[in-house]
Amino acid sequence: EPFEKRLGAVQPAMVRRLEEGFVRLRHAVRDPAEKGEVRVDADYDPHVLRHVDILKLSEQEADALGLELDDRSLASLGVPEVVVTLGSRGSVVFADGLAEYVPARRVEARDPTGSGDKFMAAYLTYRRQRHSPRSAARLAGEVVRALLAA
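The structure presented is a predicted model; accordingly, all values stated were derived computationally and were not measured.

K.L.:
Honestly, the nonpolar core in this entry has me stumped. Any pointers?
P.N.:
Where a protein is soluble and globular, its nonpolar side chains tend to be buried together. The biggest cluster of nonpolar side chains holds 15 residues, and the ones touching the most others in it are Val 83, Val 93, Phe 119, Tyr 123, Tyr 126, Ala 137 and Ala 140. Broken down by secondary-structure element, the contributors of at least two residues to this core are α5 (115–128) and α6 (133–149). In contact with Ala 137, not counting residues within four places along its chain, are Ser 91, Val 93, Val 102, Phe 119 and Tyr 123. With 13 residues, the next largest nonpolar core counts Ala 62, Leu 67, Leu 77 and Val 92 among its residues.

Below is the structure:
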């Protein structure tokens, strides 16, 4: 099946709805007005992660938690599936005990703000359509690339 046809399965309205949900969740966890270094909140309780099926972290958030982007370190979170976004370099997806690097194709973006949220909205959409974590990350990267290039 051609890539363009598979990419078309993710409707822009669906991405926007999921993205809005991520933004609301992120605001509940961290004040969006805060700038600077990412730090672990004093009230952070790692035990809450046992109720999480899929966790999305930025590279900076993973670093603040003292994580390496490898099997052992990501497994230590106790979350079955972890996605760490690396900006223009792609992502690392941890699932089934393995961490895999998924590169991103280069794109010139005027303003990449919100790209991580768009990526995760598309990622979850593809996972719901039964794509593997690696496939979902690759396709989500293409969705973001297409949105940034538009």
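K.L.:
Would you mind showing me how to read the sheet that holds strand β4 (residues 98–103) here?
P.N.:
Within a beta sheet, neighbouring strands are joined by backbone hydrogen bonds and run either parallel or antiparallel to one another. Taking strand neighbours across the sheet as the criterion, the 4 strands line up as β1-β2-β3-β4 in an open arrangement whose pairing is mixed. Lying at the two open borders of the sheet, with one neighbouring strand each, are β1 (54–58) and β4. Taking each pair of neighbouring strands and ignoring which way they run, the sheet shows an average axis angle of 20 degrees. Bridging between strand β2 (residues 81–85) and strand β3 (residues 90–95) involves 5 bridges; their strand directions are antiparallel. Considered in β3, the bridge of Val 82 is made with Phe 94. Docked against the sheet, α5 engages β1, β2 and β3, running at close to 150 degrees with respect to β2.

K.L.:
Please explain the environment of Glu 108 as it appears in this structure.
P.N.:
By the element assignment, Glu 108 lies in the loop between β4 and α5. Placed 41 residues apart in sequence, Glu 108 and Ala 149 show a C-alpha to C-alpha distance of 6.9 Å.

K.L.:
Sorry, what's going on with the packing of α5 against α6 here?
P.N.:
Geometry of a packed helix pair, given as the angle between the helix axes and the separation of the axes. At a minimum axis distance of 8 Å, the contact between α5 and α6 shows a crossing angle of 135 degrees. Classified by the angle between their axes, α5 and α6 sit oblique to one another. The chirality of how α5 crosses α6 is right-handed. Within the contact between the two elements, α5 uses Ser 115, Lys 118, Phe 119, Ala 122, Tyr 123, Tyr 126 and Arg 127 and α6 uses Pro 133, Ala 136, Ala 137, Leu 139, Ala 140, Gly 141, Val 143, Val 144, Leu 147 and Leu 148.

K.L.:
Where do I start with the pattern of salt bridges in this structure?
P.N.:
Side chains that differ in sign of charge can pair as their charged atoms come close. Under the counting rule described, the total for this entry stands at 4 salt bridges. For Arg 134, the salt bridge identified is with Glu 100, shortest N-O distance 3.9 Å. Highlighted residues: Arg 134 in helix α6 and Glu 100 in strand β4, separated in sequence by 34 residues. Owing to a relative accessible area of 38%, Arg 134 belongs among the partly exposed residues under this scheme.

K.L.:
Please clarify how the pairing of β1 should be interpreted in this entry.
P.N.:
Two faces make up the sheet, and in a regular strand the side chains alternate between them. With 4 of 5 residues buried, β1 is to be regarded as a mostly interior element. As paired elements, β1 and β2 share 5 bridges and run parallel to each other. In the strand pairing of β2, Ser 58 is matched with Thr 85.

Calculation criteria
Residues numbered from 1 in each chain as written. Predicted model: local features only at pLDDT ≥ 70, side-chain atom pairs only at ≥ 80, totals over all residues. Heavy atoms only, no water. Core = buried A, V, L, I, M, F, W, Y, C linked by side-chain atoms within 4.5 Å. Buried < 20%, exposed > 50% of the residue type's maximum accessible area, 1.4 Å probe, protein only. Helix = DSSP H or I, 4+ residues; strand = E, 2+ residues; numbered from the N terminus. Contact = heavy atoms within 4.5 Å. Pairing = 2+ DSSP bridges. Axes fitted to C-alpha atoms, helices over the stretch in contact; angles between N-to-C directions. Parallel < 35°, antiparallel > 145°, perpendicular 65-115°, else oblique. Left-handed = near helix turned anticlockwise from the far one by under 90°. Salt bridge = Lys/Arg side-chain N within 4 Å of Asp/Glu carboxyl O.

Everything listed here is a matter of geometry and, on its own, says nothing about what the molecule does.
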